Each structure stands twice: as C-alpha cells, then as structure tokens.
Amino acid sequence: MAVNALAALRGALGFLSRVPVGHSDASWEAFRRTPAAIPGAGYPIGALLALPLAAIAVAPARGAAIPTETVAVAFVAWLYAVTGITHLDGVADLGDAAVVHGDADRRREVLKDSSLGVGGALALGLLVLGLAAAALLLADLVRFAPVAAVGLVVGAEVAAKAATATAVCLGDAAHEGLGSALTAESGPRSLIGVGVVAAPVALVDWPALLPGVAVLAAAGVVTAAALWWARSRLGGVSGDVLGATSEIARVVGVHVGVIAWTLS
C-alpha cells in the first residue's frame, strides 16, 4: 500500500506540476486510481509556490526592500513555472464554451477548438488579474505575518487540488478523454481519502482556525459550482473542467483566506 501511495503521489506531481519526478505507466495508473493523491501533491507544490513570499520575509532582515508589486508579478510567473499552463487552457476553453449559443454538443465542440475566442480571453484575463491581486494581498501579509501568508499559499493549493479531486469523485465524464480516464476509476467513496488528506488545511494558520476552514469552504463552493455548470451545460465533466476547477479554486481560496485572516 505504501508503495502504491508513493507511486500515486509521484504520478500526481508529474501530472499537476513541472517538478521533474519522471513519468511512468505505473505511476500514472496509481495516480488515476487514487484521487487522494491530487490534494496530497498540493503540499509540496504549495511549499514551492511560497518561495517568493519567503524571499520577502528574509529580505528586510538583510536590509533590502522588495517592492510588493514586483513580488506579485514574480509570484504569478513562478506559479506557472512550477505548475505549467495546461490548466490555463482549460480556463480558456471553458470561457469560450460559456458564451457560445447552442446545446451541450455545440459547447463540447468549442472545447475541442484550439483557437482562443473572446470568452476564453476574458476568462484568462480575469483569472490572472485575480491571481495577481491575491499575490499583492499575500505580499502585504507576509511582511508582518510570514507564517500566515505561507500557510495560506500551501492551504489554498491543497484545497484547490482537493476541489479537483472532489470533481473527479462526484463527476461523470461528458466524453472519452482525460476526464473519463480519471472519473471512471473513482466514486463518492473515494471522497473519504480526499477529505483525510485535505483536512490539515484547517490548521494552516493555527491557532486561528477561520482562515483554513474558509479556504476549504471556498474550494467546496467552487467545486459545487463547477459540477453544476458542467452537468447542465456540457453533460458532464472533462479534463478542461477539472483543470479550470483547480485554477479558480486557488484564486478564490487565497482571497477568502486573507479576508478570513483579517477577521480572526
């Protein structure tokens, strides 16, 4: 079991990031059969994403002051250097599908179209703008509460991955592809493992519980909305839906987490 869990985690890291862990059929099979590996990979990925914020926390002690705006840009660039841009393609495709007139079949055709439309461009712009704004909030927070800021980055990443894993467990694929490869091997019972792996997010800003709980709640709301939209507009989930769910849940999670931290 331990060997399978490690293989699944390796497969999740290879699929969800650009971390050079290598790829193999065994790790891919273990990953797609283990939804809990998705939020599990969020912990090391989140720790990597927090490095620019750690640089801010260290710099003042060395007599340097890094502009907040610079860190925000660096955070966004670093995030996609670590995670890759595959899921951004899902955001763009769903943005185009959301504005198209027609039935589910027509929207699925739009998803397969590699060209970028106005809906996709708007969706990407809003997402990146939201991420940059979240990075500004984190850059301000890290100057006087570094542990809280780093905790929120890690917590939001794990919660975002848990949102994707939940969609895998509860969703039915709209067509054959990445979505069906993942959803076919999982079901509602797999949510137990996902919940166990994601639960420590509630403690990321201990002794304050509100930020971590808020991040998890935000991920749950994003997942519910994504599943409802996918079922009603596409006839089921797809790889694009799963990727976009993670991207949106990350941004929403950071914003909600920072707001909750100010109230705790």
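Computed from a predicted structure; not experimentally measured.

## Here we look at the layout of surface pockets
Then comes step 1: Looking at the largest pocket, its volume works out to about 420 Å³.
Then comes step 2: Residue lining of the largest pocket: 17 residues in total, with Val91, Leu94, Ala123, Ala244 and Ile248 positioned closest to the centre.
Then comes step 3: When contributions to the lining of the largest pocket are tallied by element, the ones reaching two or more residues are helix 6 (86–99), helix 8 (118–142), helix 12 (210–234) and helix 13 (239–263).
Then comes step 4: No other element matches helix 13, which puts five residues into the lining of the largest pocket.
Then comes step 5: In terms of residue class, the lining of the largest pocket is built from 15 nonpolar, two polar and no charged.
Then comes step 6: Considering only enclosed or pocket space, the second largest pocket measures out at about 300 Å³ in volume.
Then comes step 7: Contributing to the lining of the second largest pocket are 20 residues, with Phe15, Thr86, His87, Leu178 and Gly243 lying nearest its centre.
Then comes step 8: Among the elements of the structure, helix 1 (2–16), helix 6, helix 10 (178–183) and helix 13 are those that each provide at least two residues to the lining of the second largest pocket.

## Some thoughts on the pattern of salt bridges
Then comes step 1: Considering all chains together, one arrives at five salt bridges under this definition.
Then comes step 2: Note that Lys161 is salt-bridged to Glu157, the shortest N-O span being 2.4 Å. Separated by four residues within a single helix, Lys161 and Glu157 lie in helix 9 (residues 146–170), roughly one turn from each other. Each of the two residues, Lys161 as well as Glu157, counts as buried.

## Some words on the confidence of the model for the protein
Then comes step 1: In this model, the protein carries a mean pLDDT of 87, and residues with pLDDT of at least 70 account for 95%.
Then comes step 2: By mean pLDDT, helix 7 (residues 104–112) is the weakest element of the protein at 75, and helix 3 (residues 37–49) is the strongest at 95.

## Points about helix 6
Then comes step 1: With respect to burial, helix 6 is a largely interior element, 10 of its 14 residues being buried.
Then comes step 2: Listing the buried residues of helix 6 in full gives His87, Leu88, Gly90, Val91, Ala92, Asp93, Leu94, Gly95, Asp96 and Ala97.

## Thoughts on empty space enclosed by the protein
Then comes step 1: One pass over the full model with this rule turns up one cavity of 30 Å³ or more.
Then comes step 2: What the largest cavity holds in volume is close to 50 Å³.
Then comes step 3: Lining the largest cavity, in full, are Leu49, Phe75, Leu79, Leu131, Leu138, Val153, Ala156, Glu157, Arg250 and Val254.
Then comes step 4: Every element with two or more residues in the lining of the largest cavity is listed here: helix 5 (68–83), helix 8, helix 9 and helix 13.
Then comes step 5: Per-element accounting of the lining of the largest cavity gives the leading share, three residues, to helix 9.
Then comes step 6: Looking at side-chain class alone, the lining of the largest cavity contains eight nonpolar, no polar and two charged residues.

## Comments concerning the environment of Asp93
Then comes step 1: Summarising the element assignment, Asp93 is placed in helix 6.
Then comes step 2: Residue Asp93 is classed as buried on the basis of its relative accessible area of 6%.
Then comes step 3: With residues up to four places along the chain from it excluded, the contact list for Asp93 reads Leu111, Asp113 and Asp240.

## Regarding the packing of helix 6 against helix 13
A packed helix pair is summarised by two numbers, namely the angle formed by the two axes and the spacing between the axes.
Then comes step 1: One way to put it is that helix 6 packs onto helix 13 with a least axis distance of 7 Å and a crossing angle of 105°. Comparing the axis directions of helix 6 and helix 13 gives the class roughly perpendicular. Packed against helix 6, whose contacting residues are His87, Leu88, Asp89, Gly90, Val91, Asp93 and Leu94, the element helix 13 presents Asp240, Val241, Gly243, Ala244, Ser246 and Glu247 at the interface.
Then comes step 2: The class makeup of the residues in the contact of helix 6 with helix 13 is five nonpolar, four polar and four charged.

Parameters at a glance
- Residues numbered from 1 in each chain as written.
- Predicted model: local features only at pLDDT ≥ 70, side-chain atom pairs only at ≥ 80, totals over all residues.
- Heavy atoms only, no water.
- 1 Å grid on protein atoms, 1.4 Å probe; cavity = no way out; pocket = protein on both sides within 12 Å on 5 of 7 lines; lining within 4 Å.
- Points joined across faces, edges and corners; volume = space filled by probe spheres on them.
- Helix = DSSP H or I, 4+ residues; strand = E, 2+ residues; numbered from the N terminus.
- Nonpolar A, V, L, I, M, F, W, Y, C, P; charged D, E, K, R; others polar.
- Salt bridge = Lys/Arg side-chain N within 4 Å of Asp/Glu carboxyl O.
- Buried < 20%, exposed > 50% of the residue type's maximum accessible area, 1.4 Å probe, protein only.
- pLDDT = per-residue confidence, 0-100.
- Contact = heavy atoms within 4.5 Å.
- Axes fitted to C-alpha atoms, helices over the stretch in contact; angles between N-to-C directions.
- Parallel < 35°, antiparallel > 145°, perpendicular 65-115°, else oblique.

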